[in-house]
Amino acid sequence: MISITIWVIAALEFILFLLMGKNYFGDKKPFLLCVALITFGLFFDAFGISLGTIMKPGKLFSIMSKFRFIFHGLLIPLLFPICAYALKFKKKGMIITWAVTGLLMAGGLAEALATDLELVELAGVNRMSSASTTPKWATMISLGLSFGTVIPLMISGIIAWIKQKKPSLFLAGFLMFIFAAIAPAIGHPELTFFITMFGELFMVFFLFIYSKKSED
């Protein structure tokens, strides 16, 4: 059941990526590009994990897994400019936001390259996960990117909900936060990777909904 669900999530994220890409090439809005890139990164992550249901662990599997971490480190910081574009920051605010985002992307790339991977198997799904030998600073950056980017998304979502009457941005951050916390909360941290995938899907879905409503 887990294996099939992961494939479904990967397929849905790929569809959302295509839709966001189509919208970007139509409107050329940087908000759409940022969401499309994040959606691609999440799709690649889900697709890489789904391959673990049919592919034997080997060199190619390890390389794809490494790129899963690289895309995560590079693309998740784009949630910051997404918030800035949604709240219509002025030029100075956007410059600062992109400067911070650039630093976070560099940190995310360094974290991904420094992460040691080990093979983990759960319910017929093989995947490469961060090993205990990974430097602590890299683990801290990874956790910071996972949670430190979602909180600003929720705060921005509340502001957008109040000012623009659009709850979609808040729901994107809120559902991502909730699903990321479920597995540890119920005492099954080994399921975090799987349950979090639902949060990621909801996040990009509601970002897509927000972008569509912004066109109205």
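Overview of the structure. If you're wondering where the values come from, they're calculated on a predicted model, not measured in any experiment.

**What about the overall build of the chain?**
Right, on to step 1. When you go through the chain residue by residue, the secondary structure sums to nine helices and two strands.
Right, on to step 2. Ordering the α and β elements of the chain from the N terminus gives α-α-α-α-α-β-β-α-α-α-α.
Right, on to step 3. Rg of the C-alpha trace for the chain: 17 Å, near the compact-globule value of 17 Å for 216 residues, within the 12% margin.
Right, on to step 4. Considered along the principal axes of its C-alpha atoms, the chain spans approximately 50 × 35 × 35 Å.
Right, on to step 5. Residue pairs in contact within the chain that sit at least 24 positions apart in sequence constitute 68% of those at least 6 positions apart.
Right, on to step 6. If the 18 positive side-chain charges of the chain are averaged to one point and the 11 negative ones to another, these points end up 12 Å apart.

**Side note on the packing of aromatic side chains**
Right, on to step 1. If you walk through the whole model with that rule in mind, you get 20 aromatic pairs.
Right, on to step 2. Their ring planes at 40° and their centres at 6.4 Å tell us that Phe14 and Phe17 sit as a pair that is tilted. Pair noted here: Phe14 and Phe17 are both in helix H1 (residues 2–27), with a separation of three residues, about one helical turn.
Right, on to step 3. Ring-pair connections join several aromatic residues into one group, and the members of that group are Trp7, Phe14, Phe17, Phe40, Phe43, Phe44, Phe47, Phe67 and Phe71.

**A short note on unusual backbone geometry**
Right, on to step 1. Positive phi outside glycine occurs at Lys28, with the angle close to 60°.
Right, on to step 2. In this model, Lys88 sits at a positive phi of 55°, which is unusual for a non-glycine residue.
Right, on to step 3. On the secondary structure map, Lys88 appears in the loop between helix H4 (79–86) and helix H5 (91–114).
Right, on to step 4. Take Lys88: its relative accessible area is 61%, and that puts it in the exposed class.

**Observations concerning H1**
Right, on to step 1. For H1, which comprises 26 residues, the first-to-last C-alpha distance of 37 Å matches the rise-based estimate of 38 Å (1.5 Å per residue) to within 8%.
Right, on to step 2. Among the residues of H1, Ile2, Ser3, Thr5, Ile6, Ile9, Ala10, Glu13, Leu16, Met20, Gly21, Asn23 and Tyr24 are the ones counted as buried.
Right, on to step 3. Looking one or two residues past H1, Lys28 carries a phi angle of roughly 60°, positive in sign.

So, how was this worked out
Within every chain, residues take consecutive numbers counted from 1 along the sequence as written. Local features in a predicted model are, by the rule used here, given only for residues with pLDDT of at least 70; side-chain atom pairs are given and counted only at 80 or more, and totals for whole chains, interfaces and linings are based on all residues. With hydrogens and water stripped out, all remaining heavy atoms of the structure feed into the side-chain values. Runs of E in the DSSP output that reach at least two residues are strands. Runs of H or I that reach at least four are helices, and both are numbered from the N terminus. Here the globule rule is a power law, 2.2 Å times the number of residues to the power 0.38, and the radius of gyration is based on C-alpha atoms. Contact criterion: two residues are considered in contact whenever any of their non-hydrogen atoms come within 4.5 Å of each other. By the counting rule applied here, Lys and Arg register as positive and Asp and Glu as negative, while His and the ends of each chain are not counted. Charge placement uses NZ in Lys and CZ in Arg. For Asp and Glu, CG and CD serve respectively. Note on aromatic contacts: the rings of Phe and Tyr and the six-membered ring of Trp form a pair at centre separations within 6.5 Å, being stacked when their planes are under 30 degrees apart, edge-to-face when over 60 apart, and tilted otherwise. Each residue gets one of three labels from its accessible area relative to the maximum for its type: buried under 20%, exposed over 50%, partly exposed in between, using a 1.4 Å probe on protein chains only. An expected span of 1.5 Å times one less than the residue number is assigned to each helix.

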